[in-house]
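Given next are the chains, with one letter for each unit.
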Amino acid sequence: MIPGIYIHIPFCLSKCGYCDFYSVTEAGKIPLFTTSLIREMEMYRGVFDRFDTIYLGGGTPSLLGADQTGQLLDALHRTFLFFDDTEVTIEANPGDLSPEMASSLYTAGIGRISIGVQSFDDGTLALLGRRHSATEAITAIENARRAGFGNVGLDLIYGVPGQNIRSWLETIHTALSFAPEHLSCYQLTLEPSTPLGLRYRSGEIVPPDDALLCEFFMKTSETLEAAGYVHYEVSNFARGDEWMSRHNRKYWDHTPYLGLGPAAHSFSGNRRWWNHRCLDRYIEEVGRKVSPIGGSEMLTGEQLRLESLYLGLRTKRGVDLDEFAHRYGCDLLHEKGELLRTMQREDLITITGNHLRPTRAGLLLSDSLPLL
Ligand code: SF4
């Protein structure tokens, strides 16, 4: 299990109406943050073996600019060991991806770019509070391709108030016209503390009902699989196995990962830990050479087992029953045989040889599967 590195870049130009991620709009603090990040890297020197993924997420990593991104990548390579074929991903907002910026990121050694398109419908983008238009999203994709990116991912959102299946499928077909290597299609969650969540609670906006949300999910999966994409996780699609996100798969099978930056999470062995969700505190503590860890938990064998099952059933790979028995000392077919046969009859899972896999309907319902 080769570990990966996640770096949380907690800056955005403004907050989108649905966003619950940790980010601030104080771009003036970027230089200090970059220095702190490099100091935090030092705290983990020698702790992990060689890594094979780097993921710059946020927030808006593309706000760092090419110079600071290059500085960060240099510092990572000075501090840690990496395999030659390390997958390096950056999340980018369409508004930041000028031809020059796209070229600089590519030249800095980033091979995979995940563009936060969200929709090709201007009305939907406005409701979400995004800063870009559909035209700017298209220009950003073209700029990424011209810069040399051969691994482009697009993030899209469905289940937005006012959106219907027809307008969503138009967004999907526009996305497909760029033949992206990867697509993430997330269902909008209206978190109570966000501006959109508040508008929902006041009755001002009405999200699609459960039946329509199911239809969004099933149509998305059918349309993308018909176009040759592999539906390899609830929200993720790849244009072939080689384009699946190597980094994100680590989150789903208990591979270790190191998270750096405020609010970043890490995992290793049976321990999970996370940094303070506050940029100022992060900068202040790292400046004093104090670890910015805000909390941690040790997972019991039972928690690891349940989590592994839950995460496995959210992926096309599913659960290897022999491996599961070896790792967690649990023969699922024996202990949960009745339940699994019911799920099989209801077409939620398939069991072939020693493999348990969710069907498309099973993926749709995977959030209820921890009840196992
Ligand atoms: S750009 Fe992304 S991280 Fe920033 S506010 Fe919008 S959704 Fe949140």
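In this text, all values refer to a predicted model and were calculated from it rather than measured experimentally.

Caption draft 1: Geometry of the packing of helix H3 (residues 99-107) against helix H5 (residues 134-147). Two elements in contact, H3 and H5, have axes whose closest approach is 8 Å; the angle formed by their N-to-C orientations is 45 degrees. By the criterion of interaxial angle, the relationship of H3 to H5 is oblique. Where H3 crosses over H5, the handedness of that crossing is right-handed. Together, Pro 99, Ala 102, Ser 103 and Tyr 106 of H3 and Asn 143, Ala 144, Arg 146 and Ala 147 of H5 make up the contact between the two elements. Of the residues assigned to the contact of H3 with H5, the class counts are five nonpolar, two polar and one charged.

Caption draft 2: Focus on the nonpolar core. Of all hydrophobic cores here, the largest spans 68 residues; its most connected members are Ile 5, Ile 113, Ile 115 and Ala 144. Sort the elements by how many residues they give to this core and H5 lands first, with six residues. Contacts of Ile 115, omitting those with residues within four sequence positions, involve Ala 92, Pro 94, Leu 97, Ala 140, Ile 141, Ala 144, Val 152, Gly 153, Leu 154 and Asp 155. Judged by nonpolar contacts, the second largest core, of eight residues, contains Leu 313, Phe 324, Met 343 and Leu 348.

Caption draft 3: Inspection of the site of the ligand at higher detail. Taken together, Cys 12, Lys 15, Cys 16, Cys 19, Phe 21, Ser 23, Gly 58, Gly 59, Thr 60, Asn 93 and Gly 116 form the complete shell of residues around the ligand. Considering only residue class, the shell around the ligand consists of four nonpolar, six polar and one charged.

Caption draft 4: Region of the structure containing the domain arrangement of the protein. Per the domain assignment, the segments making up the protein are domain 1 (4-252) and domain 2 (302-371). Relative placement of domain 1 and domain 2: their C-alpha centres are 29 Å apart. Listed per partner, the contact involves 10 residues of domain 1 and eight residues of domain 2. Every element with two or more residues in the side of domain 1 that touches domain 2 is listed here: helix H8 (210-226) and strand S7 (230-233). The residue inventory of the side of domain 1 that touches domain 2, partitioned by class, reads seven nonpolar, two polar and one charged.

About the thresholds
- Residues numbered from 1 in each chain as written.
- Predicted model: local features only at pLDDT ≥ 70, side-chain atom pairs only at ≥ 80, totals over all residues.
- Axes fitted to C-alpha atoms, helices over the stretch in contact; angles between N-to-C directions.
- Helix = DSSP H or I, 4+ residues; strand = E, 2+ residues; numbered from the N terminus.
- Parallel < 35°, antiparallel > 145°, perpendicular 65-115°, else oblique.
- Left-handed = near helix turned anticlockwise from the far one by under 90°.
- Contact = placed C-beta atoms within 7 Å.
- Nonpolar A, V, L, I, M, F, W, Y, C, P; charged D, E, K, R; others polar.
- Core = buried A, V, L, I, M, F, W, Y, C linked by C-beta atoms within 7 Å.
- Buried ≥ 20, exposed ≤ 12 C-beta atoms within 10 Å, placed from the backbone.
- Near = placed C-beta within 6 Å.
- Domains from an automatic or database assignment.

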